[in-house]
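Residue-level structure breakdown
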Amino acid sequence: MFAWITTLASRMCAWLSPGHVDREFASELEAHLDMLTDENIRRGMPPEQARRAARIKLGGVTQLKETNHELRGLPLIETFLQDARYALRMLQKSPGFTAVAVLTLALGIGANTAIFSVVYAVLLKPLPYANPNQLVSAFQANTQEGIPETGTSYPNFEEWRAQNHVFSELATIDFHQLTLTGRGEPSEVDTCVVTPEHFALLDVKPLQGRVFFPEDGKRGAPPVVIVSENLWRGTLGADPKILGSSINLDKRPFTVIGIMPASFRSPFINSKPEVWIPLVQDPLFGSWMARRGGHWLAVFGRLKPGVSIAQAQAEMDAISERLASEFPAENKGWTVRLVPMQKEIVGDVRTALLVLLGAVGLVLLIACANIANLLLTRATSRSKEIAVRTALGAGRIRIIRQLLSETVVLGLLGGVIGIALAYWGVRALSSLLPDNLPRVNAIRVDNFVLIFALVLSAIASVAFGLVPALFASKSDIQSSLREGSGRSGEGGNRRRARSCLAAAEIALAMVLLVAAGLLLRSFSKLTSVSPGFEPQHIVKAEISLPQFQYSKPQQWTAFSDQLLAHLQTQPGLQDSAIAIPVPITDGYINLGFEIVGVPPASQSDSRLANYVSVSPEYFRVMQIPLLSGRLFDQQDITSAPAVTLISKALAQRYFPNQDPIGKHLNFGFPPNGDVSREIIGIVGDVRDTSLGDAPGPMMYVPFAQAPFWGANLVVKSTLSTSVVAAAIRQEVQKIDKDLPVTDVGKLPDLLDASVSQQRFRTFLLGLFAVMALILAATGIFGVISYSVTCRTNEIGIRVALGASRSAILRMILRETLLLTSAGLLIGIPCALIASHLIGHMLFGISANDPITLAAVAFTLVAVTTLAGFIPARRAMQVDPMVALRHE
Amino acid sequence: MSADKSDILQGTLDLMVLKTLDVMGPVHGYGIARRIEQISEEALQINQGTIYASLVRLMQRRWISGAWGTSDNNRKAKFYSITKAGRKQLNAEAENWERISTVIGRVLRLADRG
């Protein structure tokens with residue numbers, strides 16, 4: 001081992017200063033010769049003869065120097081450089097081939113590198129916190145109710161924190177917006193609501209000031225806030241005396257105690273938080289802290305060193321069992337589930353990204369097959385050159401090495417251009433990426449990605465270079481040298497290899513096309529599905545009321561009544577309504593309910609429905625049909641009997657074969673969780689969680705009976721969005737000049753944005769499939785046109801013997817079709833496997849969709865026939881005289 | 001030429017060079033070549049140049065070291081001497097060599113009798 005290292009070291013040294021070593025050896029040999037000559041003279045030879053004899057005795061000086069050079073230096077690298085120089089010359093000599101091969105490869109490598117940079121940033125890069133492997137998320141789960149993971153309540157969190165021995169710390173995080181006033185225009189700031197241990201757990205230091213202390217989380221503590229560097233430098237004007245001064249959040253003063261660096265982000269939050277406040281100070285969540293029921297708090301923790309997640313899970317199982325027996329009303333049936341934080345953050349994006357990476361890998365494979373094909377063709381026409389080399393004494397390994405050097409040069413060229421493409425591609429991707437993709441800010445071409453690209457191009461070049469090199473080195477010298485033109489005949493093996501490559505390309509292209517076709521069809525179904533309401537011409541806007549100022553529900557109702565009344569007097573804005581939440585764009589509120597007089601049949605009979613609070617005009621504005629009964633009207637106010645409207649799905653699921661109208665449901669938004677409401681009507685189903693999810697049971701309540709501290713407006717108007725937005729702003733500020741209007745947008749655009757991830761992957765996979773199709777078509781074109789060239793003689797003879805032009809055409813096209821069918825035969829089962837892998841990404845379409853399969857097969861046959869038709873036409877025009885004379 | 005054969009020859013020559021340096025102390029390439037020819041009573045007629053490959057290999061393994069100096073008749077030449085590691089290697093190899101040659105000799109005698 002040691003000897004090996006010292007050898008290499010001394011070789012490296014010699015290689016780095018070759019001239020010196022060679023010169024030294026030359027003078028050593030010179031001395032040797034002189035001594036030999038001296039001795040010969042001493043023995044009585046004349047000087048001339050003595051010198052000659054000495055030379056003979058020593059051996060060929062040049063040879064010796066050569067051997068010495070090889071022994072001392074690094075011959076492998078030297079011959080590679082020599083080969084590489086030669087390869088560059090060869091590539092220069094055929095610029096067409098070089099351009100096609102390098103570009104094909106650059107596209108493949110560029111696309112792979114770009115996608116890999118996304119995969120790396122989102123899936124592989126460790127989270128930007130100290131010891132990220134120790135970080136886990138903790139959820140409550142209820143298998144009986146089919147709830148895989150949800151938040152917990154603050155009292156439960158306190159028990160977890162106090163009773164466990166496996167976490168060095170546990171903390172919680174929630175997120176919403178508060179209104180910042182008193183510093184310029186009123187604005188909504190993204191707020192992280194945390195328990196004080198949040199920062200210590202993540203082991204982050206503030207830019208200035210301090211993080212929260214445990215005392216800051218106690219009831220009655222003075223309200224404090226930590227602001228982000230961005231907010232400090234922006235809205236707060238980089239105020240140097242910001243620490244200790246106060247800012248108003250929801251009209252309540254908070255003392256600024258720290259500034260977090262711009263690079264810091266809290267986990268699970270995709271947008272950049274601007275302020276952090278202790279949970280106890282939050283106007284919304286703070287009021288829920290005493291309730292043990294409820295699942296709204298996101299918990300995460302840091303495992304103690306050496307504690308595995310399984311150990312922690314076992315401990316949390318024990319704790320949740322204790323909690324279930326201690327507080328059965330709130331905790332029966334609930335367990336705790338721990339998930340590594342990285343996995344939780346990445347979520348279901350993982351599969352989509354891996355599918356894309358797989359797809360782009362297939363594109364590279366096709367590109368490699370294509371280049372291998374080109375190289376095989378070239379190797380055939382170069383067989384004479386190789387035969388000459390072999391005849392002059394080059395060993396098989398040496399020939400393979402030289403041919404591989406050429407492909408490595410080709411691969412590196414492709415790699416370099418590919419990396420340039422990747423830089424551009426990552427930029428293009430970043431603008432395409434859906435906003436809700438986690439960790440999207442970390443995406444870029446960094447060193448790790450560059451290494452990936454280089455390794456990839458090296459592997460690719462060996463992959464496409466090895467087969468042709470092996471074939472070329474095996475060629476029979478005798479026959480190659482004897483062949484006149486070097487192209488009249490071609491080994492059957494080589495031709496078979498080329499046909500196999502072409503068929504494989506078609507099979508791979510088929511896989512990609514089927515996957516892309518399925519995604520495309522499912523996407524078009526997704527975007528054309530009826531959401532149950534009519535989004536056309538609807539503008540949505542959000543107004544949030546600061547809770548410290550608007551603390552009473554009466555104020556909320558008064559505000560919304562006033563706003564709607566004002567808006568409805570404006571021309572073009574009569575169709576205005578309020579809803580919280582607005583379907584799809586706002587998320588959903590899922591609440592339990594009871595049917596008065598009908599106890600649940602069993603434990604597993606979960607009575608859950610999505611809850612919406614709306615003003616009476618909502619159904620008219622959104623065109624949600626009334627199926628029976630009546631809608632809300634202006635008389636459904638707090639003093640009137642509590643009422644509700646249910647969706648068709650709720651009626652069918654919980655009131656089969658009976659009329660629900662007149663029956664009562666018990667439910668409500670916390671803290672009024674138990675209000676008995678009479679069902680007064682049934683309305684149509686709405687896809688309120690996402691376009692892709694089937695409509696579930698829903699229950700509506702009149703906003704006047706269940707108001708919120710804010711209003712989400714939906715306005716149906718043929719006026720432009722900006723006019724509507726300006727009118728809304730004007731009306732809102734007439735009521736309260738400190739209220740910001742946020743998230744103004746057209747509902748169709750917002751629905752569009754809700755499927756941005758699906759659009760992103762469909763677009764990319766489609767792009768890759770088109771690349772694959774083009775590459776496969778050129779592959780077929782190459783094989784067929786080369787085969788026509790090789791068969792010029794044969795075709796000439798056939799024509800001379802009376803074969804018709806159309807028979808020749810048919811012959812060539814048959815060859816094309818044979819290749820295509822072989823490709824399809826392999827491709828169809830592979831495509832079916834692939835489509836099952838992406839099965840869960842499909843909407844409204846089966847993974848075995850025969851229409852997609854047939855369409856793809858037809859496209860492939862059509863495109864490859866076209867690709868074969870061009871050389872076939874050339875074959876048709878072969879002049880028998882010319883062809884025969886050619887020999 | 002097959003690889004095995006040249007390997008044996010290389011190893012043999014290396015061993016002879018090491019032994020020569022061990023016995024003679026610092027000596028130049030020509031001196032080593034002469035010495036090997038003399039010891040073998042001119043039976044081993046080598047191209048003297050071939051010992052240089054051997055010297056390079058031994059240098060690279062740090063079994064010998066080399067330094068420029070002046071020869072008896074006032075010529076500049078590179079003098080080689082065996083290192084500590086080289087002496088260790090020589091002992092091990094020499095033992096190995098003797099064992100092998102004894103075994104081979106025994107086998108050949110056996111074959112003669114058979």
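Residues numbered from 1 in each chain as written. Chains lettered and ligands numbered in written order. Predicted model: local features only at pLDDT ≥ 70, side-chain atom pairs only at ≥ 80, totals over all residues. Heavy atoms only, no water.

**Quick look at the overall build of chain A**
Applied cut-off: Strands are runs of DSSP state E lasting at least 2 residues, helices are runs of H or I lasting at least 4, and numbering of each runs from the N terminus. Note on method: radius of gyration uses C-alpha positions; expected globular size equals 2.2 Å times residues raised to 0.38. Throughout this description, buried means an accessible area under 20% of the type-specific maximum (1.4 Å probe, protein chains only), exposed means over 50%, and partly exposed covers the range between. Computed by Shrake-Rupley with a 1.4 Å probe, the accessible areas treat only the displayed protein chains as cover when residues are assessed. Two residue types count as positive, namely Lys and Arg, and two as negative, namely Asp and Glu; His and chain ends fall outside the count. All charge positions are set by atom: Lys at NZ, Arg at CZ, Asp at CG, Glu at CD.
Helix and strand content of chain A: 28 helices and 23 strands. At 38 Å, chain A has a C-alpha radius of gyration far larger than the 29 Å of a compact globule built from 887 residues. Taken over the C-alpha atoms alone, chain A extends approximately 130 × 80 × 55 Å along its principal axes. Taken across its 887 residues, chain A has 52% of its residues classed as buried. Surface summary for chain A: the accessible area is close to 39600 Å², and the carbon and sulfur share equals 60%. Here chain A contributes 79 positively and 72 negatively charged side chains, and the mean placements of these two sets differ by 11 Å.

**Remarks on the overall build of chain B**
Formally: The criterion used for residue contact is that any of the two residues' heavy atoms lie within 4.5 Å.
Broken down by element type, chain B carries four helices and three strands. The order of helices and strands in chain B, counted from the N terminus, is α-β-α-α-β-β-α. Considering only contacts in chain B between residues 6 or more positions apart, those separated by 24 or more positions represent 44%. Summing over all exposed atoms, chain B offers an accessible surface of approximately 7000 Å²; the carbon and sulfur share of this is 54%.

**Description of the pairing of strand β4 (residues 187-194) of chain A**
Along any regular strand the residues' side chains alternate between the sheet's two faces. Residue and element names in this part refer to chain A. Under the convention used in this document: Any two strands with at least two DSSP-identified bridges between them are counted as paired.
Most of β4 sits inside the fold, with seven of its eight residues counted as buried. For strand β3 (residues 167-181) and β4, the ladder comprises eight bridges, and the chain directions are antiparallel. Along β4, the bridge assignment pairs Thr179 with Glu188. As consecutive antiparallel partners, β3 and β4 are separated by five residues, and within that stretch Gly182 has a phi angle of approximately 90°, a positive value. In the sheet, β4 pairs with strand β9 (residues 275-278) via four bridges, with the strands oriented parallel. Following the sheet pairing, Thr191 is matched in β9 by Val275.

**A word on the packing of aromatic side chains**
All names here are of chain A. This is how it is decided: Each aromatic pair joins two rings of Phe, Tyr and Trp (for Trp, the six-membered one) with centres within 6.5 Å, and gets the label stacked for planes under 30 degrees apart, edge-to-face for over 60, and tilted for any other angle. The criterion for a charge sitting over a ring is simple: Lys NZ or Arg CZ within 6 Å of the ring centre, and within 35 degrees of the ring normal.
Going through the model one piece at a time under the given rule, you end up with 23 aromatic pairs over all chains. Between Phe619 and Tyr700 the ring centres are 4.9 Å apart and the planes differ by 75°, which places this aromatic pair in the edge-to-face class. Within this pair, whereas Phe619 is found in helix α20 (residues 618-622), its partner Tyr700 is found in strand β21 (residues 698-702), the two being separated by 81 residues in sequence. Comparing Phe619 with Tyr700 shows no difference in burial state: the two are buried. In this structure an aromatic cluster arises from ring pairing among Trp556, Tyr611, Phe667, Phe669, Phe708 and Trp709. Its guanidinium or amino end placed over the ring of Phe213, Arg210 lies 4.3 Å from that ring's centre, counting from NZ or CZ.

**Thoughts on the interface of chain A and chain B**
Interface size is commonly expressed as the accessible area that is lost once the parts come together. To keep it simple, the criterion reads: What gets called buried area is simply the loss in accessible area from a 1.4 Å probe that two parts show on being joined, summed for both. One side-chain nitrogen of Lys or Arg within 4 Å of one carboxyl oxygen of Asp or Glu is enough to make a salt bridge. Pairs of N or O atoms are called polar contacts if they sit within 3.5 Å, as long as, within protein, a hydrogen donor faces a hydrogen acceptor (for residues adjacent in sequence, only side-chain-to-side-chain pairs).
Counting residues at the interface gives 26 residues for chain A and 26 residues for chain B. Summed over both sides, the interface of chain A with chain B buries roughly 2300 Å², with 54% coming from carbon and sulfur. Summed over the three residues of chain A that lose the most area to chain B, namely Glu28(A), Met35(A) and Lys57(A), the buried surface amounts to 28% of that side. In this assembly, chain A and chain B are joined by three salt bridges. Lys78(B) serves as the salt-bridge partner of Glu24(A), at 2.6 Å between the closest nitrogen and oxygen. If you look at where chain A meets chain B, you find 10 residue pairs in polar contact (both at pLDDT 80 or more). Among the elements of the structure, α1 (2-16), α2 (18-42), α3 (47-58) and α4 (61-72) of chain A are those that each provide at least two residues to the side of chain A that touches chain B. Top element by residues in the side of chain A that touches chain B is α2(A). It accounts for 12 residues.

**Here we look at the confidence of the model for chain B**
Residue and element names in this part refer to chain B. Spelled out, the test is: How sure the predictor is of each residue is captured by pLDDT, a score from 0 to 100.
Put simply, chain B has an average pLDDT of 79, and 82% of its residues get 70 or more. Taken element by element, chain B is modelled with least confidence in helix α1 (residues 3-24), mean pLDDT 70, and with most confidence in strand β1 (residues 27-28), mean pLDDT 89. Of the regions scoring below 50 in pLDDT, residues 1-8 engages in one contact with residues more than four places distant in sequence or in other chains. Scoring the predicted complex yields pTM 0.72 and, for the interface, ipTM 0.82.

**Thoughts on the sheet that holds strand β2 (residues 64-70) of chain B**
All names here are of chain B. Convention followed: Angles run from 0 to 180 degrees between N-to-C directions of axes, and those axes are lines fitted to C-alpha atoms, restricted for helices to the stretch in contact.
The strand order β1-β3-β2 describes an open sheet built from three strands, whose pairing is antiparallel. Two strands bound the open sheet, and with one partner strand each, they are β1 and β2. Taken strand by strand, helix α3 (residues 50-60) contacts β2 and β3 (76-82), and its axis lies near 120° from that of β2.

**What about the nonpolar core?**
All names here are of chain A. Keep this limit in mind: Nonpolar core, defined: a set of buried Ala, Val, Leu, Ile, Met, Phe, Trp, Tyr and Cys residues in which side-chain atoms within 4.5 Å join the residues together.
Within the largest apolar cluster, 85 residues are counted, with the highest numbers of intra-cluster contacts made by Val227 and Leu249. A per-element tally of this core places helix α19 (residues 553-569) first, with five residues. With residues near it in sequence (within four places) discarded, Val227 still touches Trp232, Leu236, Ile247, Val256, Gly258, Ile259, Met260, Glu274, Val275 and Trp276. Core analysis: the next-biggest nonpolar cluster, separate from the first, contains 83 residues, Val449, Ile795, Ile812 and Ala831 among them.

**Observations regarding the pairing of β3(B)**
Residues and elements named next belong to chain B. Taking burial as the measure, the seven residues of β3 include five buried ones, the bulk of the element. As paired strands, β1 and β3 are joined by two bridges and run antiparallel to one another. Within β3, the residue paired with His28 across the bridge is Phe79. Here β2 pairs with β3 via seven bridges, running antiparallel. Opposite Gly66, over in β3, you have Tyr80 as the bridge partner. A loop of five residues connects β2 with β3, the two strands running antiparallel in sequence, and Asn74 in this loop sits at a positive phi of about 65°.

**Remarks on the environment of Glu534(A)**
Residues and elements named next belong to chain A. For Glu534, the position within the fold is in the loop between α18 (492-528) and β12 (538-544). Along the sequence, Glu534 and Ile226 sit 308 residues apart, while their C-alpha atoms lie 43 Å from each other. Aside from chain neighbours lying at most four places away, what touches Glu534 is Met622, Gln623 and Lys716. Looking at Glu534, its side chain comes within polar contact range of the main-chain nitrogen of Gln536, at 3.2 Å.

**Quick notes on the side chain of Asp34(A)**
One can find Asp34(A) in helix α2. Under the relative-accessibility criterion, Asp34(A) is labelled buried at 19%. Those residues in contact with Asp34(A) that sit more than four places away from it in its chain are Arg51(A) and Arg75(B).

**Topic: helix α22 (residues 721-735) of chain A**
Residue and element names in this part refer to chain A. Where we set the bar: By this rule the span expected of a helix is its residue count minus one, scaled by 1.5 Å. To obtain the arc, one takes the directions from the helix axis to the C-beta atoms.
Here α22 is 15 residues long and its end C-alpha atoms lie 21 Å apart, about the 21 Å a rise of 1.5 Å per residue gives. What α22 keeps buried is the set Val724, Ala725, Ala727, Ile728, Glu731 and Val732. Each buried residue of α22 lies within a common arc of 160° when the element is viewed along its axis, so the set occupies one face. Pointing more than 90 degrees away from the buried face of α22 are the exposed residues Ser722 and Lys734. Looking at the buried residues of α22, the elements they touch are β12, α19, β22 (710-716) and β23 (741-746).

**Points about the state of the cysteines**
The condition is simple: When the sulfur atoms of two cysteines come within 2.5 Å, that pair is taken as a disulfide.
Under the defined criterion, the tally for this structure stands at zero disulfides over all chains. Left unpaired, Cys830(A) is separated from the closest cysteine sulfur, that of Cys500(A), by 14 Å.

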